[in-house]
Amino acid sequence: MRQAVSWPFVGPPVAVLIVFAEIGGRMIPPALDVASWSFGAAAVLLTIKLLVWIATSHAAFDRQRRLAAFVMLMAIAGGWYTSDEWVHERQFDYIIAAQNTRVKQEVAQLSATILAFVAERSHHAPPAPRPATWNDDEAAIARYEEEMAQTYEQRFGKPTRTAHDVLRQLGIRDRDLDVFYAHPANAFQMRIVAVKLAAMAARLH
């Protein structure tokens, strides 16, 4: 038994398991099961070696050796706990990074779509008011802006408000967007919303 748990037999498997666990923890995405199992198996092997040493040599133990055995046992437990926490932190960081990447892409796409919508609608905008037909021209512009605002609300109202709320939860805010994002009334305000969304998405890491 003592030979089976001697360092020449225990050391290499422990080293290999720790290397596997390190590689698994640093993968993208982290191999959570592999890393956790490898760290746990290494801790079990070290614990078995320590317990065999205690069982076979306890008769000759003095106070210092008993203290050393206790410290080593606590070190193994603490090392396993710390390594397991590190693996789960790596997994958590990956999830957050993936979420931020998804939000960044979706917000950037929403911004581009809004800009394309405004550009397309601008081709159908009525001409500026002329003195001879001032009232009619103003009425046509009002109808155009009202129709554009309604179409915007149907296509982009809910996604824009959702994007604003998500970015705000992530700690990214913009005063101009806060003013116009809920119900932009015209092409100018819609462009502001789109540009601000793109700028805020770029701030996500």
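Student: Honestly, unusual backbone geometry in this entry has me stumped. Any pointers?
Tutor: For residues besides glycine, phi is generally negative; the peptide bonds are generally trans as well. The amide bond that connects Ile 28 to the next residue, Pro 29, takes the cis arrangement and shows omega of -5 degrees. With respect to the secondary-structure elements, Pro 29 resides in the loop between helix 1 (7–26) and helix 2 (32–57).

Student: In this structure, what is going on with the pattern of salt bridges? I would like to understand it.
Tutor: Any two side chains of opposite charge can pair, so long as their charged atoms come close to each other. If you walk through the whole model with that rule in mind, you get 7 salt bridges. Of the charged contacts in the structure, one is a salt bridge between Arg 130 and Asp 137, with a shortest N-O distance of 3.6 Å. Residue Asp 137 is classed as buried on the basis of its relative accessible area of 9%. Here Asp 176 and Lys 196 are joined by a salt bridge, their closest N and O atoms 3.5 Å apart. With a gap of 20 residues between them, Asp 176 in helix 5 (residues 175–180) and Lys 196 in helix 6 (residues 187–202) connect regions that are remote in the sequence. The partly exposed category is assigned to Asp 176, whose relative accessible area is 36%. The exposure class of Lys 196 is partly exposed, given its relative accessible area of 22%.

Student: How do you make sense of the packing of aromatic side chains when you look at a structure like this?
Tutor: We describe a pair of aromatic rings using the distance from one ring centre to the other and the angle between the two ring planes. Using the criterion set out here, one finds 4 aromatic pairs in the structure. Consider the rings of Phe 39 and Trp 86, whose centres lie 6.4 Å apart with planes at 80 degrees: the pair is edge-to-face. With Phe 39 in helix 2 and Trp 86 in helix 3 (residues 63–122), this pair connects stretches of sequence that are 47 residues apart. Centre to centre, the rings of Phe 117 and Tyr 152 are 6.5 Å apart; their planes meet at 50 degrees, and the pair counts as tilted. On the criterion of sequence distance, the pair formed by Phe 117 in helix 3 and Tyr 152 in helix 4 (residues 134–169) is long-range, its members being 35 residues apart. Neither residue differs from the other here; Phe 117 and Tyr 152 are each classed as buried.

Basis of the calculations
- Residues numbered from 1 in each chain as written.
- Predicted model: local features only at pLDDT ≥ 70, side-chain atom pairs only at ≥ 80, totals over all residues.
- Heavy atoms only, no water.
- Helix = DSSP H or I, 4+ residues; strand = E, 2+ residues; numbered from the N terminus.
- Salt bridge = Lys/Arg side-chain N within 4 Å of Asp/Glu carboxyl O.
- Buried < 20%, exposed > 50% of the residue type's maximum accessible area, 1.4 Å probe, protein only.
- Phe/Tyr/Trp six-rings, centres within 6.5 Å; stacked < 30°, edge-to-face > 60°.

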